[in-house]
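The residues making up each chain are set out below.
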Amino acid sequence: MAKSVIGKHVGAGAANSLLKEFFVDELKDIYYAEKQIVKTLPKMKKAATSDELKAAFESHVTMTEDQIERLEKVFELLGEKAKGKTCEAIEGIIKEGEGIIADTDSKTATRDVGLIFAAQKVEHYEIATYGGLAQLAETLGLSEVAQLLHTTLEEEKQTDVLLTKIAENHVNYEASEEKA
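Residues numbered from 1 in each chain as written. Predicted model: local features only at pLDDT ≥ 70, side-chain atom pairs only at ≥ 80, totals over all residues. Heavy atoms only, no water.

**Student:** Summarise the environment of T129; cite the residues concerned and give the values.
**Tutor:** Mapped onto the elements, T129 comes out in helix α5 (residues 109–139). Linking T129 and D51, residues 78 residues apart in sequence, is a C-alpha distance of 29 Å. Among the polar contacts listed, one links the side chain of T129 to the backbone oxygen of Y125, at a separation of 2.9 Å. (Helix = DSSP H or I, 4+ residues; strand = E, 2+ residues; numbered from the N terminus. Polar contact = N/O pair within 3.5 Å; in protein donor to acceptor, adjacent residues only side chain to side chain.)

Written out as structure tokens, the structure is:
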């Protein structure tokens, strides 16, 4: 029953509404965040010890570049200039990740555990943001925009699962055997 109620409201939002302004503002926020993430991933790769984790960070750079292009397409579809606005959340998460690197010993699995934590915090922020944006796009009747945002949402979920597998398969266990 809930599904029919939700479906009933798809496309109900006015194109010139406060909701659309909020939606565009949040797009600017995640656009800025993605631009910061693409700059940070190489630093995370360099700090990582596990080859599998390094490869994950490297492939995520390419994925993030694709996501930036997808966001630029979203802005284009909306007739808006692709422009970011400072995302305080991602700034804080990145700063926390830098702290993890500074506070852990290099070439240790413990640092890799910390890097996975930091990366998953980024992924969870992105999952929350893209999930909300995709839903708002549907509410606003922007089906092509919603599809683009759903594509990115699924990629972010897959990255989160990959990071969990890397942690579970070996990094956490290797870290548990390191002596202080």
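Having put the structure on the table, let's press on.
**Student:** Requested: an account of helix α4 (residues 88–103), with residues and values cited.
**Tutor:** Its 16 residues place the ends of α4 22 Å apart at the C-alpha level, agreeing with the 22 Å of an ideal helix rising 1.5 Å per residue. Of the residues making up α4, those classed as buried are I90, I93, I94, G97 and I100. Projected down its long axis, α4 carries its buried residues within an arc of 110 degrees, all on one side. Opposite the buried face of α4, at more than 90 degrees from it, the exposed residues are E88, K95, A102 and D103. The inward-facing, buried residues of α4 abut α2 (18–47) and α5. (Expected span 1.5 Å × (residues − 1). Buried < 20%, exposed > 50% of the residue type's maximum accessible area, 1.4 Å probe, protein only. Arc of directions from axis to C-beta. Contact = heavy atoms within 4.5 Å.)

**Student:** Before we move on, could you go through the packing of aromatic side chains and cite the residues and values that matter?
**Tutor:** Tallying each qualifying case throughout the model produces one aromatic pair. Seen in terms of ring centroids, Y31 and F75 are 5.5 Å apart; in terms of plane orientation they differ by 80 degrees. Their pairing is edge-to-face. Pair noted here: Y31 is in helix α2 and F75 is in helix α3 (residues 51–78), with a separation of 44 residues, a long-range link. Across the pair, exposure class does not vary: Y31 and F75 are buried alike. (Phe/Tyr/Trp six-rings, centres within 6.5 Å; stacked < 30°, edge-to-face > 60°.)

**Student:** Go over a negative patch on the surface, please, and point to the residues and values.
**Tutor:** On the surface, a cluster of negative charge is contributed by E65, D66, E69 and E72. The topology assignment puts D66 in helix α3. (Patch = residues over 30% accessible without salt bridge, like charges linked within 9 Å, V, L, I, M, F, W, Y side chains within 5 Å. Areas by Shrake-Rupley, 256 points an atom, 1.4 Å probe, with all protein chains shown as cover. Salt bridge = Lys/Arg side-chain N within 4 Å of Asp/Glu carboxyl O. Lys, Arg positive; Asp, Glu negative; His and termini not counted. Charge placed at Lys NZ, Arg CZ, Asp CG, Glu CD.)

**Student:** Any details on the packing of α3 against α5? Residues and values, ideally.
**Tutor:** In contact at an axis separation of 13 Å, α3 and α5 are set at 20 degrees when each is read in the N-to-C sense. What the angle tells us is that α3 and α5 run roughly parallel. The hand of the α3/α5 crossing is left-handed. Facing α3, whose interface residues are L53, F57, H60, Q67 and L71, α5 presents D112, L115, I116, A119, E123, E126 and Y130. Grouping the amino acids of the contact of α3 with α5 by side-chain chemistry returns seven nonpolar, two polar and three charged. (Axes fitted to C-alpha atoms, helices over the stretch in contact; angles between N-to-C directions. Parallel < 35°, antiparallel > 145°, perpendicular 65-115°, else oblique. Left-handed = near helix turned anticlockwise from the far one by under 90°. Nonpolar A, V, L, I, M, F, W, Y, C, P; charged D, E, K, R; others polar.)

**Student:** Got a sec to walk through the nonpolar core? Specific residues and values, please.
**Tutor:** Grouped together as the largest cluster of nonpolar side chains are 51 residues, with contacts concentrated most on F23, L27, L53, F57, I90 and L149. Secondary structure elements with two or more residues in this core: α2, α3, α4, α5 and α6 (143–176). Here L53 is in contact with A48, D112, L115, I116, L163 and I166, once residues within four sequence places are set aside. (Core = buried A, V, L, I, M, F, W, Y, C linked by side-chain atoms within 4.5 Å.)

By themselves these figures say nothing about function.
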